[in-house]
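Here is how the chains run, residue by residue.
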Amino acid sequence: MRSRQRMFAAVMRLLLKCLRLGRRRRFKLVRQVEQLWHYGRLCLRSLLYNSFTDGDVVLDSLFEPVYWLVDHVTRWFGVVFVALVIGLTSSIVAIVYICLLPLILQTYTPAWICWHLAYGHWNLIMIVFHYYMAITTSPGHPPQAKNDLTGVSICRKCIAPKPARTHHCSICNRCVLKMDHHCPWLNNCVGHYNHRYFFSFCLFMTMGCIYCSISGWEMFRDAYAAIERMKLLEKERLQVAANQTYYQTPPPTFSFRQRAFHKSVVYLWVLCSSVALALGALTLWHAALITRGETSIERHINRKERQRLQKKGKVSIAHGTAASWGRARCDVPLSVLQVFRNPYSYGSWDNWKVFLGVDVPRHWLTRVLLPSPHLPHGTGLSWDLPPCVTEQRAPLLAI
């Protein structure tokens with residue numbers, strides 16, 4: 001009896017030990033999982049922490065695969081886009097010479113004929129010259145050799161000094177001086193040495209499309225009405241052919257040349273009007289950027305920097321609103337607040353003179369209204385005061 005009790009007690013003690021050991025192991029496993037969770041969370045936060053992180057950064061990170069796809073598509077289809085521009089422009093020029101020019105010479109007065117010939121050919125020469133120069137001129141790249149180049153930062157992809165206003169193009173896989181953007185219609189980056197060619201091409205192409213749309217409006221209305229009349233007469237002709245009798249005469253048919261003429265006029269007006277709206281908006285956008293003395297990338301950077309400094313209370317919300325900002329941030333004295341301005345802006349008028357390379361008054365004719373391959377001011381590596389600027393602006397708070 002006693003031996004059974006002792007055996008039962010031993011079994012119970014062994015069972016209790018097993019339960020305690022299992023409980024300890026379970027608690028130890030839970031503690032290890034918690035430690036791994038906290039360690040992984042700390043590592044993730046340390047890797048992703050950035051004081052500049054906001055909603056835009058997160059959105060850019062989420063769209064990174066889309067950007068990668070767009071970059072590769074743009075890189076491989078750049079030649080197709082250039083061929084498309086050349087093909088569409090050539091088709092418009094061919095329609096003007098084959099269809100519209102004979103009509104103009106037969107119906108217009110000598111004064112209007114001279115105007116159309118002079119303006120049309122001048123606009124065409126400016127478009128062809130600036131487009132050719134934009135696609136063949138290198139935008140400019142920082143030197144790869146070691147020298148005394150002063151770099152604002154180091155490019156993370158090129159691992160080389162990056163001068164001021166220089167940015168890395170993921171499509172060209174190189175740093176570009178004063179980069180504005182990569183244009184697929186040029187198959188080239190828009191940078192320091194071809195920025196003027198790009199804007200001039202957009203401007204003169206818009207002017208040419210507006211000119212064709214306005215001067216061809218009446219022809220477009222007549223051609224559109226003629227096409228509708230063709231469709232109606234074709235329907236009547238088919239009805240007559242189905243119920244033809246000896247006393248009915250089918251309506252006259254239009255020749256292939258007449259159909260091609262009217263459809264070409266409609267095609268010209270629709271294409272020119274569409275390009276004028278789309279390219280005109282882009283031209284106005286770049287004109288506003290040039291007036292402020294900044295590129296497309298710099299506008300984004302300046303906006304982010306202005307918002308960051310506003311949160312710290314170092315600059316006013318807008319130009320001349322330091323008093324309202326002081327009321328909102330009472331702990332910052334008004335004397336400390338400054339107005340954020342682009343350091344590369346010399347004023348609206350001087351910005352245009354620097355961009356177009358106008359040093360003397362005659363340059364408005366020889367360098368702006370006529371084709372000119374002159375180089376821009378500076379080398380794109382340093383940004384000294386251009387000689388055409390009338391007076392140097394006082395240094396202001398800027399990036």
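Reading the values: the criteria
- For every chain, the first residue of the written sequence is number 1, and numbering continues from 1 along that sequence.
- It should be noted that, the model being predicted, local features are given only for residues of pLDDT at least 70 and side-chain atom pairs only at 80 or more, the latter also being counted only at that level, while totals for whole chains, interfaces and linings use all residues.
- With hydrogens and water set aside, each side-chain value is computed from the structure's full complement of heavy atoms.
- Helix and strand assignments follow DSSP, with helices taken as H or I runs no shorter than four residues and strands as E runs no shorter than two, numbered in order from the N terminus.
- Only protein chains enter the accessibility calculation, which uses a 1.4 Å probe; a residue is then buried when its area is under 20% of its type maximum, exposed when over 50%, and partly exposed in between.
- Any pair of residues with heavy atoms lying within 4.5 Å of one another is described as a contacting pair.
- Per-residue and other accessible areas follow the Shrake-Rupley method at a 1.4 Å probe size, with only the shown protein chains counted as cover for residues.
- Note on terminology: disulfide denotes any pair of cysteine sulfur atoms within 2.5 Å.
- Each residue carries a pLDDT score, the predictor's own confidence in it, on a scale running from 0 to 100.
- Here, expected helix span is obtained from the residue count minus one, scaled by 1.5 Å.
- UniProt positions are given in the numbering used here, feature names are shortened, and annotations may be inferred rather than shown by experiment.
- The axes are straight lines fitted to the C-alpha atoms, using for helices just the contacting stretch, and the angles between their N-to-C directions are given from 0 to 180°.
- Note on terminology: angles under 35 degrees are roughly parallel, angles over 145 are roughly antiparallel, angles of 65 to 115 are roughly perpendicular, and the others are oblique.
- For a crossing to be left-handed, the near helix must be turned anticlockwise from the far one by less than a right angle; the clockwise case is right-handed.
- In the scheme used here, Gly and all other residues not listed as nonpolar or charged are polar, with Ala, Val, Leu, Ile, Met, Phe, Trp, Tyr, Cys and Pro taken as nonpolar and Asp, Glu, Lys and Arg as charged.
- Polar contacts, as used here, are pairs of N or O atoms within 3.5 Å; protein pairs need one atom able to donate a hydrogen and one able to accept it. Residues neighboring in sequence count only if both atoms are side-chain atoms.

## Things to note about the overall build of the chain
Consideration 1: Within the chain, the secondary structure is distributed over eleven helices and six strands.
Consideration 2: Across the 399 residues in the chain, those meeting the buried criterion constitute 33%.
Consideration 3: Taking the intrachain contacts of the chain between residues at least 6 apart in sequence as the baseline, contacts between residues at least 24 apart amount to 65%.
Consideration 4: As presented, the chain carries roughly 26500 Å² of accessible surface, and 65% of it is formed by carbon and sulfur atoms.

## What to know about the state of the cysteines
Consideration 1: For the structure shown, the criterion picks out zero disulfides.
Consideration 2: Summary of cysteine pairing: cysteine 212 is not part of a disulfide, and the nearest cysteine sulfur, belonging to cysteine 272, is at 4.3 Å.

## Here's the deal with the confidence of the model for the chain
Consideration 1: Averaged over all residues, the pLDDT of the chain equals 80, while 75% of them reach at least 70.
Consideration 2: Considering each helix and strand of the chain separately, the mean pLDDT is smallest for helix α9 (residues 322-328), with a value of 35, and largest for helix α5 (residues 195-215), with 96.
Consideration 3: Counted against residues more than four places away or in other chains, residues 318-336, with its pLDDT under 50, gives 24 contacts.
Consideration 4: Note that pLDDT drops below 50 for residues 394-399; the model gives that stretch 19 contacts with residues more than four away or on any other chain.

## Topic: helix α4 (residues 110-136)
The α-helix advances 3.6 residues per turn, and as a result positions three or four apart in sequence lie on the same side.
Consideration 1: Taking 1.5 Å per residue, 27 residues should reach 39 Å; α4 reaches 39 Å between its end C-alpha atoms and fits that length.
Consideration 2: Taken residue by residue, α4 has Ile113, His116, Tyr119, Asn123, Met126, Ile127, Phe129, His130, Tyr131, Met133 and Ala134 as its buried positions.

## Concerning the UniProt feature "transmembrane region" (unreviewed entry) in the chain
Consideration 1: Per the UniProt entry, the sites bearing "transmembrane region" (unreviewed entry) are residues 76-100, 112-133, 197-220 and 265-288 in this numbering.
Consideration 2: Helix makes up 100% of residues 76-100 and strand 0%, whereas the separation of the span's terminal C-alpha atoms amounts to 37 Å.

## Points about helix α7 (residues 256-292)
Consideration 1: If you check α7, its first and last C-alpha atoms are 53 Å apart, about what 37 residues at 1.5 Å a residue would give, namely 54 Å.
Consideration 2: Backbone geometry just after α7 places glycine 293 at a positive phi near 70°.

## Details of the environment of cysteine 155
Consideration 1: Within the secondary structure, cysteine 155 is located in the loop between β1 (153-154) and β2 (161-162).
Consideration 2: Note on cysteine 155: relative accessible area 4%, which makes it buried.
Consideration 3: If we skip the residues at most four places from it in the chain, cysteine 155 touches Ala160, Lys162, His168 and Cys175.

## Focus on the packing of α4 against α5
Consideration 1: Packing of α4 against α5 leaves a shortest axis separation of 8 Å and a crossing angle of 150°. Relative to α5, the element α4 is oriented roughly antiparallel. Of the two elements, α4 crosses α5, and the hand of that crossing is left-handed.
Consideration 2: Residue composition of the contact of α4 with α5, by class: 16 nonpolar, seven polar and one charged.

## Concerning the side chain of histidine 363
Consideration 1: Relative to the assigned elements, histidine 363 resides in helix α11 (residues 363-368).
Consideration 2: Engagement of the side chain of histidine 363 in a polar contact is seen with the backbone nitrogen of aspartate 359, the distance being 3.1 Å.
Consideration 3: Those residues in contact with histidine 363, other than ones at most four positions away along the chain, are Gly357, Val358 and Val368.

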